[in-house]
Amino acid sequence: MTGATADPSLLERFPFPFVDDRYRYSTNVEPAGHGLQTVAGLWGDTVVDVDSEYRSELAERAVVLADDPSRHAVLPHMRQAAWDAMFTLMRELATAYPDSMRLTRCPDGSWRWENDILGVTQDFVYGDDTTLPAEPLGFICGQVQEDVVLLDQRNEQMFADAGVVTFAADWSFGFDVGMSFLEIHGPVPRVRREGVITRAHEFIKRLQPHAPYRRTNWTMTIGRRLDVSTERYPDWGPDREMIQHVDDETFGRMVHLRVEVQHLIRLADSGAVMFLIRTYMLPLDQVVTVEPWRRRTADVLAELPSDIADYKGIIKYRDRAAAWLEARKPSEIIAAQDDSMIAYLRG
Ligand code: HEM
């Protein structure tokens with residue numbers, strides 16, 4: 001678990017996911033790389049996002065990987081894609097954070113990567129594994145907060161054949177690696193009937209280089225716990241029961257709205273598709289500080305169909321979360337309602 005969200009920029013850059021008072025699964029993709037204004041600030045102006053949690057989240061990733069190497073896999077045919085992904089992420093970092101990250105070409109044709117935040121300087125020859133201290137995808141995933149999945153395209157299908165995923169929301173990368181996009185989404189309720197996943201699959205197959213797209217997904221997590229993978233279920237699963245019995249103050253502090261900003265990028269050199277998953281969490285007691293977010297989240301949770309709430313793993317506490325948010329109406333709204341009620345009672 002990482003530190004608290006005391007830093008106000010985490011609220012300002014929070015990618016609030018709800019565009020309506022009602023949520024349903026959809027193929028909600030849009031072109032990436034431009035900032036989106038929210039009532040609290042802005043997010044999405046860069047493809048990779050470095051924030052004040054950078055060091056602590058990367059330290060947490062290192063611990064997860066040391067404990068469980070199955071979170072990192074590169075099937076043999078994905079070696080070129082792993083180099084392509086590393087290079088693309090370095091370019092994105094250098095473009096977004098030129099004061100602290102640089103990728104420069106040396107006169108002999110090799111490259112120099114510099115990451116001042118972590119104190120990394122690395123010279124390498126593109127495609128030569130012996131010039132890096134680690135496998136290329138593993139090397140760069142030690143320097144981005146995003147989880148990464150690389151998809152290979154063959155026989156008109158996409159396959160999740162490589163990745164570093166340490167912050168999975170209730171799924172297992174080790175189990176899914178090598179599976180097709182359609183197989184991976186098999187357990188998601190509704191989506192087959194509604195065509196969401198087949199449309200998404202067709203869309204991903206047509207992605208072009210230099211035209212990244214993004215979407216958001218959301219769920220809720222108890223505690224600021226990034227690694228809620230299937231493998232760690234014994235650690236976090238019981239929290240879903242425990243949270244039903246805590247007092248209101250603890251409930252607002254512990255229950256987090258968890259949002260993933262997911263980028264889809266066709267890699268130009270290898271033709272693989274890079275899927276980035278960047279996870280953000282905001283406790284409900286901070287969600288309520290932005291009144292439109294409080295109201296909308298309460299409405300979405302109250303209306304959410306049970307099969308979706310069940311799949312997201314929030315069925316046991318979503319009614320309380322909706323009621324908790326609803327009860328925190330700003331006092332002037334409550335006062336206005338009280339006034340109109342008094343007027344009504346007086347006739
Ligand atoms: C436009 C693209 C995509 C769409 C519309 C989409 C849609 C969805 C939806 C609706 C869910 C259920 C989420 C929930 O209930 O919280 C889901 C889960 C998931 N998606 Fe996607 N997805 C897309 C891309 C991808 C890609 C590229 C991957 C990479 C392999 C991926 C991997 C997963 C995984 C692992 C899960 C969890 C499945 C489980 O519970 O085992 N998705 N996706």
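Residues numbered from 1 in each chain as written. Predicted model: local features only at pLDDT ≥ 70, side-chain atom pairs only at ≥ 80, totals over all residues. Heavy atoms only, no water.

Draft legend 1. Structural detail: the layout of surface pockets. When its volume is computed, the largest pocket comes out at roughly 1200 Å³. Together, 47 residues line the largest pocket, and Trp171, His185, Val188, Asn217 and Tyr311 are the ones closest to its centre. Contributions of two or more residues to the lining of the largest pocket are made by strand S8 (147-154), helix H5 (173-176), helix H6 (181-184), helix H8 (196-205), strand S10 (213-222), helix H10 (239-242), strand S11 (255-266) and strand S12 (273-283). With 7 residues, the top contributor of residues to the lining of the largest pocket is S10. For the lining of the largest pocket, the per-class residue count stands at 30 nonpolar, 9 polar and 8 charged. Volume-wise, the second largest pocket comes out at about 530 Å³. Lining the second largest pocket are 27 residues, with Phe16, Pro17, Phe18, Val19 and Thr216 sitting closest to its centre. Broken down by secondary-structure element, the contributors of at least two residues to the lining of the second largest pocket are strand S2 (36-37), S10 and helix H13 (291-303). Ranked by the residues each element gives to the lining of the second largest pocket, the list is headed by S10, at 5 residues. Of the residues belonging to the lining of the second largest pocket, the class tally is 13 nonpolar, 6 polar and 8 charged. (1 Å grid on protein atoms, 1.4 Å probe; cavity = no way out; pocket = protein on both sides within 12 Å on 5 of 7 lines; lining within 4 Å. Points joined across faces, edges and corners; volume = space filled by probe spheres on them. Helix = DSSP H or I, 4+ residues; strand = E, 2+ residues; numbered from the N terminus. Nonpolar A, V, L, I, M, F, W, Y, C, P; charged D, E, K, R; others polar.)

Draft legend 2. Fine view of the site of the ligand. Near the ligand lie 22 residues; those nearest to it are Tyr25, Trp171, His185, Tyr311 and Lys312. Between the ligand and the protein, one listed contact pairs a nitrogen atom with a side-chain N or O atom of His185 at 2.8 Å. Tyr311 has a polar side-chain atom sitting 2.2 Å from an oxygen atom of the ligand. When each cavity is represented as a set of grid points, the ligand is found to reside in the largest pocket. Elements that contribute at least two residues to the shell around the ligand include exactly H6, H8 and S10. (Near = heavy atom within 4 Å. Polar contact = N/O pair within 3.5 Å; in protein donor to acceptor, adjacent residues only side chain to side chain. Sits in = over half its atoms within 2 Å of the grid points.)

Draft legend 3. Expanded view of the coordination of the iron atom of the ligand. If you check the protein contacts of the iron atom of the ligand, you find one donor only, His185 (NE2), at 2.0 Å. As for its position among the elements, His185 is in the loop between H6 and helix H7 (191-194). (Donors = N, O, S within 2.8 Å, 3.2 Å for Na, K, Ca; no water.)

Draft legend 4. Representation of the sheet that holds strand S7 (residues 120-124). An order of S5-S6-S7 is seen for the 3 strands of this open sheet, with the pairing classed as antiparallel. Every other strand in the sheet has two partners, leaving strand S5 (101-105) and S7 as the edge strands with one partner each. When strand polarity is set aside, the average angle formed by the axes of neighbouring strands in this sheet is 10°. Pairing geometry for S5 and strand S6 (residues 111-115), over 5 bridges, is antiparallel. Directly across from Leu103, in S6, lies its bridge partner Trp113. Contacts between helix H3 (residues 79-96) and the sheet are confined to S5, S6 and S7, with S5 contributing the most and set at about 120° to the helix. (Pairing = 2+ DSSP bridges. Axes fitted to C-alpha atoms, helices over the stretch in contact; angles between N-to-C directions. Contact = heavy atoms within 4.5 Å.)

Draft legend 5. Representation of the pairing of S6. Within S6, 4 of the 5 residues are buried, which leaves the element mostly enclosed by the surrounding structure. Between S5 and S6, which pair antiparallel one after the other, the connecting turn spans 5 residues, and Gly109 there sits at a positive phi close to 90°. With 5 bridges joining them, S6 and S7 adopt antiparallel strand pairing. The residue bridging Arg112 from the neighbouring strand is Asp123, located in S7. Count of turn residues in the S6/S7 antiparallel hairpin: 4 residues, of which Gly119 carries a positive phi of about 70°. (Buried < 20%, exposed > 50% of the residue type's maximum accessible area, 1.4 Å probe, protein only.)

Draft legend 6. Just the packing of aromatic side chains, in detail. Evaluated as defined, the whole model comprises 14 aromatic pairs. Between Phe87 and Tyr126, the ring centres sit 5.2 Å apart and the planes meet at 85°, which makes this aromatic pair edge-to-face. Pair noted here: Phe87 is in helix H3 and Tyr126 is in the loop between S7 and helix H4 (136-141), with a separation of 39 residues, a long-range link. On the accessibility criterion, Phe87 (8% relative accessible area) is buried. On the basis of relative accessible area, Tyr126 is assigned to the partly exposed category, the value being 29%. Ring centres 4.9 Å apart and planes at 80° place the aromatic pair Phe203 and Tyr213 in the edge-to-face group. Of this pair, Phe203 sits in helix H8 while Tyr213 sits in strand S10, and the two are 10 residues apart along the sequence. Tyr213 gets classed as partly exposed once you look at its relative accessible area, which sits at 25%. (Phe/Tyr/Trp six-rings, centres within 6.5 Å; stacked < 30°, edge-to-face > 60°.)

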